Amino acid sequence: MSHTIDVPISYQQDYRIHIGNNLWDQITEFCAGRYSPRRAFAVVDEKVYRLHADRISAGLNSYFDQVGTYVVPEGEKSKSSTQWQQVVDFVLEQGAERGTPLFAVGGGVTGDLAGFAASSALRGLPLVHLPTSLLAMVDSSIGGKTGINHKVGKNLVGAFYQPDAVFADTRFLETLEKQEWINGLSEILKYGAIHSPEIFETASELVSGAGFQPTEKWTDLIAQSASIKVEIVEEDTLEAGVRAFLNFGHTFAHAIEKEAGYGKISHGQAVFAGMIAAVYASTQLGAHINSTRFETFKPLYPIKLYELVPQMDKLIRAMKTDKKVKDGNIRLILLDEWGSPYIYPCEDTGLIEAAWSFAYKQFS
């Protein structure tokens, strides 16, 4: 005789994203309604800490009696098992309890690393994201993906772990370097490609007008982009279906990052090149689109793809180790038209080779 018992448990949780200028009062109010004031931890990007240590310390210490701060070395190389181990060691040795919150303060690298540490220490610490880069505000802090890189590929070790809240304080963008604005712009353009094509026009007007500084119009675009990601993640939290659309251009991009060496090219630059390749592959399968919508932004991405990865076959091999590979097939996110993505299991690498060849010519 055998028995079957259902386990009706959902471990995902609802939370809010707060977007605006100078959100510390809201952060304090949120903490007072949820956490003990005894202790908290902050995992902070090195550069952010250098520029904003006083603001971060004053903000968190306005409620918490003790704040243990771990400073993450700047750059993609910090998304490593070594840094993850050091963060976990830090919070455990400092006396973390299961109710002790961990604040991830920084860009995508810090958020992914700190989120994974929060998901694993004591089998889960409360997590609050304070994204400080444009990319983190519109993408990486939303949706619960955490993780680190592995020598085999990017983001291959990690967990889905939702935060208690996200506070995107646009005041941090006042000190954001132009290159980091451009990195975030790539993810915003992705939302234009897969969901709302009018974003291309809005972004073009902002770049050529106000430029890269935190204005109300940029805040509106950040909110629109975040809302699109929330809509997709809400439908497919664990990436079993439509959430994969958020990877438009990313399968190509992750291969560039891995083969060039993590940190040699920014994530945003790699994503931009990856989207160009994905658009070309889409046209080869009959889509009536072209990459002209990206042309306005191309001068912002002076990528030398051949110098980064001279051998194209290495990129194809890297794509075969991507975590989205299924049944041995590379799964590409392509477009039927602007705003209409689909998943394409690519059995023949000829299409991928053609897309890479096109990208190499565009970024020579």
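Note that the coordinates shown come from a computational prediction; the quantities given were computed from them, not determined experimentally.

Peer 1: I tried to follow the packing of aromatic side chains on my own but got confused; where do I start?
Peer 2: Aromatic rings considered in pairs are described by the distance between their centres and by the relative angle of their planes. The full count for this structure, using the stated rule, is 18 aromatic pairs. Aromatic pair F30 and F167: ring centres 5.6 Å apart, planes at 70 degrees, arrangement edge-to-face. Residue F30 is found in helix α1 (residues 24–32), and its partner F167 is found in strand β8 (residues 165–169); the two are separated by 137 residues along the sequence. As far as the burial class goes, F30 and F167 line up, both buried. On the numbers, 6.0 Å between centres and 45 degrees between planes, the contact of W181 with F212 is tilted. With W181 in helix α6 (residues 178–194) and F212 in the loop between α7 (198–208) and α8 (216–235), this pair connects stretches of sequence that are 31 residues apart.

Peer 1: Sorry, what's going on with the sheet that holds strand β3 (residues 66–72) here?
Peer 2: Sheet strands pair via backbone hydrogen bonds, and the direction of the pair is either parallel or antiparallel. The 6 strands lie next to each other as β1-β8-β5-β4-β2-β3, forming an open sheet whose pairing is parallel. Of all the strands in the sheet, just β1 (16–20) and β3 have a single pairing partner and so form its edges. Strand-to-strand, the axes of this sheet are offset by a mean angle of 15 degrees, without reference to chain direction. Both strand β2 (residues 39–45) and strand β4 (residues 102–106) contribute to a ladder of 4 bridges, which runs parallel. Along β4, the bridge assignment pairs A42 with F103. Against the sheet, helix α2 (residues 46–61) makes contact with β2, β3, β4 and β8, and its axis sits at roughly 160 degrees relative to β2, the strand it touches most. Running at roughly 165 degrees to β3, helix α3 (residues 81–93) makes contact with β2, β3 and β4 of the sheet.

Peer 1: Got a minute to help me understand the packing of helix α10 (residues 267–284) against helix α14 (residues 349–362) in this structure?
Peer 2: Packed helices, taken two at a time, are described by the angle their axes make and the gap between the axes. Running from N to C, α10 and α14 point in directions that differ by 130 degrees, and their axes come no closer than 8 Å. Put simply, α10 runs oblique to α14. Both α10 and α14 take part in a crossing whose hand is right-handed. Residue-level inspection shows I276, A277, Y280, A281 and Q284 of α10 in contact with α14, the latter providing L351, A354, A355, F358, A359 and Q362. Taken together, the residues that form the contact of α10 with α14 break down as 9 nonpolar, 2 polar and no charged.

Peer 1: Please clarify how the side chain of N247 should be interpreted in this entry.
Peer 2: Structurally, the position occupied by N247 is in the loop between α8 and α9 (250–260). By relative accessible area, N247 is classed as buried at 6%. Contacts of N247, omitting those with residues within four sequence positions, involve K145, E239, K324 and I333.

Peer 1: In this structure, what is going on with the packing of α9 against α10? I would like to understand it.
Peer 2: Axis separation between α9 and α10 bottoms out at 7 Å; the angle between their running directions is 130 degrees. Relative to α10, α9 is oriented oblique. Remark: the crossing between α9 and α10 carries right-handed chirality. Every residue of α10 that contacts α9 at H250, F252, A253, H254, I256 and E257 is listed here: H267, A270, V271, A273, G274, A277 and A278. Looking at the contact of α9 with α10, its residues break down into 8 nonpolar, 4 polar and 1 charged.

Peer 1: Please explain the environment of N61 as it appears in this structure.
Peer 2: If you trace the backbone, N61 turns up in helix α2. Taking the C-alpha atoms as reference points, N61 and R39, separated by 22 residues in sequence, lie 9.5 Å from one another.

Peer 1: Which parts of the structure should I look at to understand the environment of P126?
Peer 2: With respect to the helices, strands and loops of the structure, P126 is situated in the loop between α4 (108–120) and β5 (127–131). Judged by relative accessible area, which is 14%, P126 ranks as buried. Measuring from C-alpha to C-alpha, the distance between P126 and A165 comes to 9.5 Å, with 39 residues separating the pair along the chain. When neighbours within four sequence positions are excluded, P126 is seen to be in contact with Y35, R98, G99, T100, P101, L102, Y161 and D164.

Peer 1: Can you walk me through the pattern of salt bridges in this structure?
Peer 2: Pairing between side chains of opposite charge can happen when the charged atoms of each approach one another. Scanning all chains against the criterion turns up 13 salt bridges. Notably, a salt bridge pairs D139 with K190, separated by 3.3 Å at the nearest N-O pair. One end of the pair, D139, is in helix α5 (residues 134–140); the other, K190, is in helix α6, with 51 residues separating them in the sequence. The class for K190 is buried, based on a relative accessible area of 1%. Because the salt bridges share partners, they merge into one network encompassing D139, E187, K190 and K229.

Peer 1: I keep staring at the pairing of β5 and nothing clicks. Help me out?
Peer 2: Every other side chain in a regular strand lies on the same face of the sheet, so the side chains alternate between the two faces. Taken across its 5 residues, β5 has 5 buried, putting it largely inside the fold. The side-chain alternation of β5 yields two buried faces, one formed by L127, H129 and P131 and the other by V128 and L130. The pairing of β4 with β5 spans 5 bridges and is parallel. When the sheet's bridge partners are listed, V105 is paired in β5 with L130. As for the winding sense of the linkage, the β-α-β connection from β4 through α4 to β5 is right-handed. Here β5 pairs with β8 via 2 bridges, running parallel. Along β8, the bridge assignment pairs V128 with A165.

Analysis parameters
Residues numbered from 1 in each chain as written. Predicted model: local features only at pLDDT ≥ 70, side-chain atom pairs only at ≥ 80, totals over all residues. Heavy atoms only, no water. Phe/Tyr/Trp six-rings, centres within 6.5 Å; stacked < 30°, edge-to-face > 60°. Helix = DSSP H or I, 4+ residues; strand = E, 2+ residues; numbered from the N terminus. Buried < 20%, exposed > 50% of the residue type's maximum accessible area, 1.4 Å probe, protein only. Pairing = 2+ DSSP bridges. Axes fitted to C-alpha atoms, helices over the stretch in contact; angles between N-to-C directions. Contact = heavy atoms within 4.5 Å. Parallel < 35°, antiparallel > 145°, perpendicular 65-115°, else oblique. Left-handed = near helix turned anticlockwise from the far one by under 90°. Nonpolar A, V, L, I, M, F, W, Y, C, P; charged D, E, K, R; others polar. Salt bridge = Lys/Arg side-chain N within 4 Å of Asp/Glu carboxyl O. Right-handed = clockwise from strand over helix to strand, strands pointing away.

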